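# Descriptive structure summary
For reference, the chains in residue letters:
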Amino acid sequence: MKRRTWILSALGATGALVVGWGVMPARSRLGSPDLMLPSQGDVALNGWIKIAADGDVILAMPRSEMGQGVHTALAMLVAEELDVPLSRVRLEQAGADSIYGNVAMLVASLPFHPLDSEGEHKPVKIKMGEWLVGKIARELGINATGGSSSIADLWEPLRMAAATARASLVQTAALAWQVPASDITIADGLMKHASGKSAHFGDMAAAAAGATPTGITTKPRAQWKLIGQAAPRTDIPAKVTGEARFGADVRLPGMLFATVQMCPMLGGSAASMDSQAALALPGVSKVVPLDAWGGGTAGLAVVGLTTWHALQGAQAVKVQWQPPAAGAADTTRIQADLLKALNTESGFTFHEQGVPTQAEKAAASRIDALYQAPYLAHATMEPMNCTAQVKDGRVEIWVPTQVPQMARAMAAKVAGVKEEQVTVHVTLLGGGFGRRLEVDFVGQAVQVAMACNGVPVQLSWSREEDMAHDFYRPMHLAKFQASLDPQGTVTSLRIKSAGDAITPRWMARAAPHLSGPIDMPDKTASEGLFDLPYGFASQHMSHVATRSGVPVGFWRSVGHSHNAFFSESFIDELALASRQDPLAFRLHWLKEAPRYAAVLQLAADKAGWGKALPAGHAQGLALHESFGSITAQVAEVSLDHGQIRVHRVVCAIDCGTVVNPDTVAQQVESSVLYGLSAALFGKIDIVAGVVQQSNFPAYPLITLAQAPQVDTHIVPSTRAPAGVGEPAVPPVAPAVGNALFALTGKRLRALPLVV
């Protein structure tokens, strides 16, 4: 089945009911004031904005801060509309209402080609698909921080909420002062009139709570004072002083500590368990058998006075482990299965244009290549942890999570209570990268807390358990076939990939009520392959979805992370076959994609593409679109005693309107280092169901001494904001791989890169 056929048939499956519901207005995301947490002296004006008695602004914050600067950027949107200093915007954790759900993330899951779906002049079928999915997303209200979507999703709702609050306050002041509202100005949170009257927001908030202003509009771009300007991150001072509270920093009176030991074989369980020796140790109070929550692996937890006591107890438990009924996973076998699937199955067609079969028959020559990428772990700096208390029929959890509602649902399920009886406190996250879209560790923490008689307990994983029981980026393989005419011009490109689809597996464990018996085609499996910007006349891109049995999950930039390496490396192969410079070849095939060409040219110019380099150095480039942003990178590399050394990465990015340029630069640098660690070192091997890498010596990260200089260049844009936290990850591996080919003449088609 082709992609468009599937989309249209899916949209029409529910017939007149969907059509009738679809033409109804979308649910408002402004929200009522009673959604805000009640607090003494504060007045809520809508579901997002409260005014404190001193005039400070309190923003309901639904997104998790994991180092990406989202708490600062979202506060900047509100500060801009209300004309208050950023320092006077305080944050309060948002509740569970649907207005706080992430609509943009679900809309972005539609498998439309970006050249078809960007801009205002979209085909009707794309507008219809985005409209319906957007409406569904508003109803579902899934609150998730992921997909580089926080700013894109809240760009309009937050500015409109702040603009509405502003209008209410100004209208109230105008009535109190008996002056036209248009004559009132606001500066630094103070409303003023030429008559000399003035008031801060807190003075007018109570009366403004009942105001119903109309004709609300957000500030025009020309009046912006804060958006687009570099602003210091508001979360940094507390992190520097140590006052910031991550999940592992939670401390409660009388709290106990627990650690886990899970079956070394993924999906396995304990056949027998002897805890006598552990319970005999000082400071050890309990050994709790653990079920396999949220798609994880079963095991046990040991509770003690401190984490050290719990760790000592875990080592003393004698366990006989058994593999899962389906058999133990093995990466060597999985790789062979993927290759077989590539050669025998047709897969789902995500994109087709022209007539590839005719072009292939008429070809003067053909280029074939096989690319592959391994499983990867997330390796967050803060391993999985959750603090839980089960007492008096209620559950309270303190957790670093990207999905607070799903964490609440998991806690309720384990404790056997209603979700309304669960309170979730979202802490800062010591790294997320998609791992904290899972809630397996939340289930474990609540199960342990249920055995602790109302005493709060903090459950934490060791680094070894964290790496051995991840939800890994899946192993993928891809076959490329290009046809060329006698002049060396590419006439067709065919790509078929194979690997586990992430979204169906994640839905089954995180939102089983939304998961069906049949897997729907998953865009993340083919993103970065089906959506290439190059204007080859004939194209065919398909994916064979497999089920390896290995737990797989969203990893920073998801399918783009490996598919960009596949596609941009092969584009370099085509440039060589066409006897063209890699930059010139790309620009030739980007004539119908001027935004892409502009980003690529900017990166090349800033990197000095084609100019002389130091002896033993070479450059490679890559271009990729993901999460609505176009990113081009040029990497400069050398070999130092056979080891790959990356000296400099120049990155150009078109991410739409920029809220905080400093954050963009920080995220590009972070992405380059994260992607480079994976490109040079990242690999998870599984033998007889057991992950072989257990800590950073076997799963290295880029060190400070190895880190390249990263130069970031932002393309000015008036488009709506797009993603920033992930788009600079995918181009790193192909840029480095292409540079290594220029340096050595050896084409590397597998990750990690080894010369």
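Residues numbered from 1 in each chain as written. Predicted model: local features only at pLDDT ≥ 70, side-chain atom pairs only at ≥ 80, totals over all residues. Heavy atoms only, no water.

## Some points on the overall build of the protein
- For the protein, the count of helices and strands is 23 helices and 27 strands.
- Here the C-alpha radius of gyration of the protein, 27 Å, is about what a compact globule of 755 residues would show, namely 27 Å.
- Taking all 755 residues of the protein together, the buried fraction comes to 57%.
- Once local pairs closer than 6 in sequence are excluded, the contacts in the protein between residues at least 24 apart make up 77%.
- Entry remark: accessible area of the protein is about 29600 Å², with carbon and sulfur atoms responsible for 56%. (Helix = DSSP H or I, 4+ residues; strand = E, 2+ residues; numbered from the N terminus. Rg over C-alpha atoms; globule rule 2.2 N^0.38 Å. Buried < 20%, exposed > 50% of the residue type's maximum accessible area, 1.4 Å probe, protein only. Contact = heavy atoms within 4.5 Å. Areas by Shrake-Rupley, 256 points an atom, 1.4 Å probe, with all protein chains shown as cover.)

## Topic: the pattern of salt bridges
- For the structure shown, the criterion picks out 29 salt bridges.
- Across the salt bridge formed by Glu92 and Lys50, the nearest N and O atoms sit 2.7 Å from each other. Placement of Glu92 in strand S4 (residues 89-93) and of Lys50 in strand S2 (residues 49-51) is noted, with a sequence separation of 42 residues between them.
- Overall, Glu92 belongs to the buried group, its relative accessible area being 15%.
- When the shortest N-O distance is used, the salt bridge between Asp368 and Arg366 registers 2.9 Å.
- Taken together, the shared-partner salt bridges connect Glu80, Asp83, Arg166 and Lys219 into one network. (Salt bridge = Lys/Arg side-chain N within 4 Å of Asp/Glu carboxyl O.)

## What to know about the packing of aromatic side chains
- Counted according to the given criterion, the structure contains 16 aromatic pairs.
- Look at Trp155 and Trp224: their rings are 5.7 Å apart centre to centre, the planes differ by 90 degrees, and that puts the pair in the edge-to-face class. Taken as a pair, Trp155 in helix H7 (residues 150-177) and Trp224 in the loop between helix H8 (201-208) and helix H9 (236-241) lie far apart in primary sequence, 69 residues in all.
- On the numbers, 4.8 Å between centres and 55 degrees between planes, the contact of Phe536 with Trp589 is tilted. In this pair, Phe536 sits in the loop between helix H18 (523-526) and strand S21 (538-546) while Trp589 sits in the loop between helix H20 (582-588) and helix H21 (594-607), placing the two residues 53 residues apart along the sequence.
- The rings of Tyr371, Phe480, Phe565, Phe566 and Phe570 are connected pair by pair, giving a single aromatic cluster.
- Over the aromatic face of Trp155 sits the side chain of Arg159, whose NZ or CZ is 4.0 Å from the ring centroid.
- Positioned above the aromatic ring of Tyr674, the side-chain terminus of Arg556 is 5.4 Å from the ring centre. (Phe/Tyr/Trp six-rings, centres within 6.5 Å; stacked < 30°, edge-to-face > 60°. Lys NZ or Arg CZ within 6 Å of the ring centre and 35° of its normal.)

## Thoughts on unusual backbone geometry
- Following Leu751, the chain continues into Pro752 via a peptide bond in cis, with omega recorded as -5 degrees.
- The topology assignment puts Pro752 in the segment after helix H23 (732-744).
- Unusually for a residue other than glycine, Asp188 sits at a positive phi of about 55 degrees.
- Counting through the fold element by element, Asp188 comes out in the loop between strand S5 (185-187) and strand S6 (190-192).

## Re a nonpolar patch on the surface
- On the surface, Ile136, Leu140 and Leu514 cluster together into a nonpolar patch covering about 220 Å² of accessible area.
- Counting through the fold element by element, Leu140 comes out in helix H6 (residues 124-140).
- Look at Leu140 and you get partly exposed, because its relative accessible area is 37%. (Patch = residues over 30% accessible without salt bridge, like charges linked within 9 Å, V, L, I, M, F, W, Y side chains within 5 Å.)

## Let's talk about the state of the cysteines
- In total, this model carries zero disulfides according to the counting rule given.
- Cysteine Cys655 is unpaired, with the sulfur of Cys651 as its nearest cysteine sulfur at 9.4 Å.
- With relative accessibility at 1%, the residue Cys655 sits in the buried group. (Disulfide = S-S within 2.5 Å.)

## Things to note about the nonpolar core
- Formed by 75 residues in total, the largest nonpolar core has its most connected members in Phe480, Leu493, Phe536, Phe570, Leu574, Val736 and Leu753.
- Setting aside residues up to four positions removed in sequence, Phe536 forms contacts with Gln353, Val490, Leu493, Ile571, Leu574, Phe585 and Trp589.
- Ranked by size, the runner-up nonpolar core spans 74 residues in total, among them Cys386, Ala449, Cys452 and Leu459. (Core = buried A, V, L, I, M, F, W, Y, C linked by side-chain atoms within 4.5 Å.)

## What about the sheet that holds strand S13 (residues 348-353)?
- Reading across from one edge, S13-S21-S20-S19-S14 is the order of the five strands in this open sheet, with mixed pairing throughout. Strands at the two margins of the open sheet, each flanked by one partner only, are S13 and strand S14 (365-373). Pairwise comparison of adjacent strand axes, ignoring direction, gives a mean angle of 10 degrees for this sheet.
- As defined by bridge partners, S14 adjoins strand S19 (residues 476-484) across nine bridges and the pair is classed as antiparallel. Following the sheet pairing, Tyr371 is matched in S19 by Ala478.
- Of the strands in this sheet, S14, S19 and strand S20 (490-500) touch helix H19 (residues 560-577), which is tilted by about 155 degrees from S14. (Pairing = 2+ DSSP bridges. Axes fitted to C-alpha atoms, helices over the stretch in contact; angles between N-to-C directions.)

## Considerations on the sheet that holds strand S23 (residues 629-640)
- Here four strands make up an open sheet; going across it, the order is S22-S23-S24-S27 and the pairing mixed. Both edges of this open sheet fall to strand S22 (618-626) and strand S27 (709-714), since each of them pairs with a single strand only. On average, each strand axis in the sheet is inclined to that of its neighbour by 20 degrees, with strand direction left out of account.
- Summarising the sheet, strand S24 (residues 643-654) and S27 pair through six bridges and their orientation is parallel. Along S27, the bridge assignment pairs Val649 with Val710.
- Against the sheet, H21 engages S22, S23, S24 and S27, with an angle of about 135 degrees to S24.
- Sheet strands in contact with helix H22 (residues 661-680) are S23, S24 and S27, and its direction is about 135 degrees off that of S27.

## Digging into helix H3 (residues 70-82)
- For H3, which comprises 13 residues, the first-to-last C-alpha distance of 19 Å matches the rise-based estimate of 18 Å (1.5 Å per residue) to within 8%.
- For H3, a buried count of 13 out of 13 residues is recorded, marking the element as mostly surrounded by other parts of the structure.
- Immediately beyond the C-terminal end of H3, within one or two residues, lies Asp83, with a positive phi of roughly 55 degrees. (Expected span 1.5 Å × (residues − 1).)

## Looking at helix H17 (residues 502-510)
- Counting buried positions along H17 gives seven out of nine residues, so the element sits mostly inside the fold.
- Listed as buried for H17 are Ile502, Pro504, Arg505, Trp506, Met507, Arg509 and Ala510.
- Tucked into the core, H17 has its buried residues touching helix H14 (404-415), S20 and H18.

## Considering the packing of H14 against helix H15 (residues 440-450)
- The geometry of H14 relative to H15 is characterised by a closest axis approach of 9 Å and an angle of 35 degrees between their N-to-C directions. Every pair of crossing elements has a handedness; the one defined by H14 and H15 is right-handed. The segment H14 lies against H15, with Ala407, Met410, Ala411, Val414 and Ala415 engaging Val442, Gly443, Val446, Gln447 and Met450.
- Looking at the contact of H14 with H15 residue by residue, the class counts come to eight nonpolar, two polar and no charged. (Left-handed = near helix turned anticlockwise from the far one by under 90°. Nonpolar A, V, L, I, M, F, W, Y, C, P; charged D, E, K, R; others polar.)

## As for the confidence of the model for the protein
- A residue-level look at the protein finds 96% of positions with pLDDT of 70 or above and a mean pLDDT of 95.
- In this model residues 3-17 is a low-confidence stretch, pLDDT under 50, and it forms 22 contacts with partners more than four residues away in sequence or in other chains. (pLDDT = per-residue confidence, 0-100.)

## Overview of the environment of Pro486
- Along the chain, Pro486 turns up in the loop between S19 and S20.
- Owing to a relative accessible area of 64%, Pro486 belongs among the exposed residues under this scheme.
- Through-space distance from the C-alpha of Pro486 to that of Thr427 is 61 Å; in sequence the pair is 59 residues apart.

## Quick word on the side chain of Arg556
- Along the chain, Arg556 falls in the loop between S21 and H19.
- Of the side chains with opposite charge, Glu726 lies nearest to the buried Arg556, which makes no salt bridge, at 6.1 Å.
- A polar side-chain atom of Arg556 sits 3.4 Å from a polar atom in the side chain of Gln667.
- Excluding anything up to four places from it in sequence, Arg556 contacts Phe433, Ser561, Gln667, Ser670, Ser671, Tyr674, Gly725, Glu726 and Val729. (Lys, Arg positive; Asp, Glu negative; His and termini not counted. Polar contact = N/O pair within 3.5 Å; in protein donor to acceptor, adjacent residues only side chain to side chain.)

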